[in-house]
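Results of the structural survey
This is what each chain is made of:
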Amino acid sequence: MLALTRKVGEQIIIGDNIVITVVDVKGDGVRLGIEAPKEIKIYRGEIYQAVVAENQQATMPIDVEQLDVLKDIVKLPPKAQR
Amino acid sequence: MVIQSTRLGQLDVPDDLIIKFPAGLPGFKDETVFALVPHGNNSPFYFLQSAYDPDLTFLVVEPFDFFSDYEFELSDENQRELDVVDLSQVKVYSIATVKDKVEEMTANLIAPVIVNWKTKIARQVVLEHVPYTTRHRLFPQGFPKNAGGGEK
């Protein structure tokens, strides 16, 4: 991993169109400004990692028969939705 | 399309229930084609079965039946990626996690699966600035006695 030291106001440029600016540093918090094309998805790492972890847990390890109890549950009538 | 599933057996899935995830799903970047298989007649539950990995099956649920206050904004960028012209062509599913007991199953409300039902292009969107997490219990009071709030 590349590690760079930056001061407030300084930037890091990634590729041709991603610019990261150190906006502020307070205590152990760093505020970053990110400019990137719209199609580049930007996530807080812990949120994205939580979704990855949940997806991995959600892959069905259990017997499908266990889910038979759900068969009595039917959709709400459209009126009740939303 | 004929799909092999370790849990569900061989499935002959009509083309209109084949859904493409051009970006895969978080943690499953290479899985781009799935079948949406209803769990039962008129059930809000479905299996999301990978077309090419028989072992990869998710359980998904229509969230609004269980979380009547659930709401979020689909960003312009997400709408563009999914070619959404009209929000009525969008369907929303939440991936469910079952650990030990089925009645303790949870739904991932922070990362809904959004499907453009017209094009069958889908994406699992990670929402920002929402009060939701990856785990919301579907049956916080346990299973309803007379399961299901709807009519048969």
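Only a predicted model underlies this, so the values are computations on that prediction, with no experimental measurement involved.

With that out of the way, let us pick up the overall build of chain A. On a plain count of helices and strands, chain A comes out with one helix and three strands. When the helices and strands of chain A are listed from N to C terminus, the series reads β-β-β-α. A globule of 82 residues ought to have a C-alpha radius of gyration of about 12 Å, yet chain A, at 22 Å, is considerably larger. Here the C-alpha coordinates of chain A stretch approximately 60 × 35 × 30 Å along the principal axes. Going through the 82 residues of chain A one by one, you find that 24% of them count as buried. The contacts of chain A with a sequence gap of at least 6 include a subset with a gap of at least 24, amounting to 0%. As displayed, chain A offers around 6,100 Å² of accessible surface, 53% of which is attributable to carbon and sulfur atoms. In chain A, the 11 positive side-chain charges and the 12 negative ones have mean positions that sit 10 Å from each other.

What follows deals with the nonpolar core. Among the nonpolar cores identified, the biggest contains 44 residues, and Leu67(A), Leu70(A), Phe45(B), Leu59(B), Met105(B) and Leu138(B) are the most heavily contacted of them. Every element with two or more residues in this core is listed here: helix H1 (45-58) of chain A together with strand S4 (33-38), strand S5 (45-50), strand S6 (57-61) and strand S7 (90-97) of chain B. In this view, Phe45(B) contacts Leu70(A), Ile73(A), Pro38(B), His39(B), Leu59(B), Val60(B), Val61(B), Phe66(B), Met105(B), Leu138(B) and Phe139(B); residues no more than four positions away in its chain are not counted. Core analysis: the second largest hydrophobic core is formed by 17 residues, Ile19(B), Phe58(B), Val60(B) and Ala122(B) among them.

Glancing now at the sheet that holds strand S2 (residues 18-26) of chain A. Residues and elements named next belong to chain A. In spatial order, the strands read S1-S2-S3; together these three strands make up an open sheet with antiparallel pairing. Edge strands, defined here as strands with exactly one partner in the open sheet, are strand S1 (11-14) and strand S3 (29-35). If you compare each strand with its neighbour and ignore which way they point, the axes differ by 25° on average. Two elements, S1 and S2, share four bridges in a ladder whose sense is antiparallel. Within the sheet, the bridge partner assigned to Gln11 lies in S2 and is Thr21.

Our next topic: the pattern of salt bridges. Residue and element names in this part refer to chain B. Scanning all chains against the criterion turns up eight salt bridges over all chains. Put simply, Glu77 and Arg80 hold a salt bridge, and the shortest N to O gap is 2.7 Å. Of this pair, Glu77 and Arg80 both sit in helix H1 (residues 76-81), three residues apart, which is roughly one turn of that helix. The class of Glu77 is buried, set by a relative accessible area of 13%. Here Glu81 and Arg123 are joined by a salt bridge, their closest N and O atoms 3.1 Å apart. With Glu81 in helix H1 and Arg123 in strand S10 (residues 121-124), this pair connects stretches of sequence that are 42 residues apart. Accessibility expressed as a relative area gives 19% for Arg123, which makes it buried.

It is common to give the size of an interface as the accessible area lost on bringing the parts into contact. Every contact between the two is made by 54 residues of chain B and, on the other side, 34 residues of chain A. Carbon and sulfur atoms make up 61% of the area that chain B and chain A hide from each other, which totals about 3,900 Å². Linking chain B with chain A are four salt bridges, by the criterion used here. Connecting chain B to chain A are 12 residue pairs in polar contact (both at pLDDT 80 or more). Of all elements in the fold, only S5, S6, H1, S7 and S10 of chain B reach the threshold of two or more residues within the side of chain B that touches chain A. Sort the elements by how many residues they give to the side of chain B that touches chain A and H1(B) lands first, with four residues. Considered class by class, the residues forming the side of chain B that touches chain A number 24 nonpolar, 16 polar and 14 charged.

What counts, and at which threshold
Residues numbered from 1 in each chain as written. Chains lettered and ligands numbered in written order. Predicted model: local features only at pLDDT ≥ 70, side-chain atom pairs only at ≥ 80, totals over all residues. Heavy atoms only, no water. Helix = DSSP H or I, 4+ residues; strand = E, 2+ residues; numbered from the N terminus. Rg over C-alpha atoms; globule rule 2.2 N^0.38 Å. Buried < 20%, exposed > 50% of the residue type's maximum accessible area, 1.4 Å probe, protein only. Contact = heavy atoms within 4.5 Å. Areas by Shrake-Rupley, 256 points an atom, 1.4 Å probe, with all protein chains shown as cover. Lys, Arg positive; Asp, Glu negative; His and termini not counted. Charge placed at Lys NZ, Arg CZ, Asp CG, Glu CD. Core = buried A, V, L, I, M, F, W, Y, C linked by side-chain atoms within 4.5 Å. Pairing = 2+ DSSP bridges. Axes fitted to C-alpha atoms, helices over the stretch in contact; angles between N-to-C directions. Salt bridge = Lys/Arg side-chain N within 4 Å of Asp/Glu carboxyl O. Buried area = accessible area lost by both parts, 1.4 Å probe. Polar contact = N/O pair within 3.5 Å; in protein donor to acceptor, adjacent residues only side chain to side chain. Nonpolar A, V, L, I, M, F, W, Y, C, P; charged D, E, K, R; others polar.

Read these as layout, nothing more, since geometry by itself doesn't imply function.
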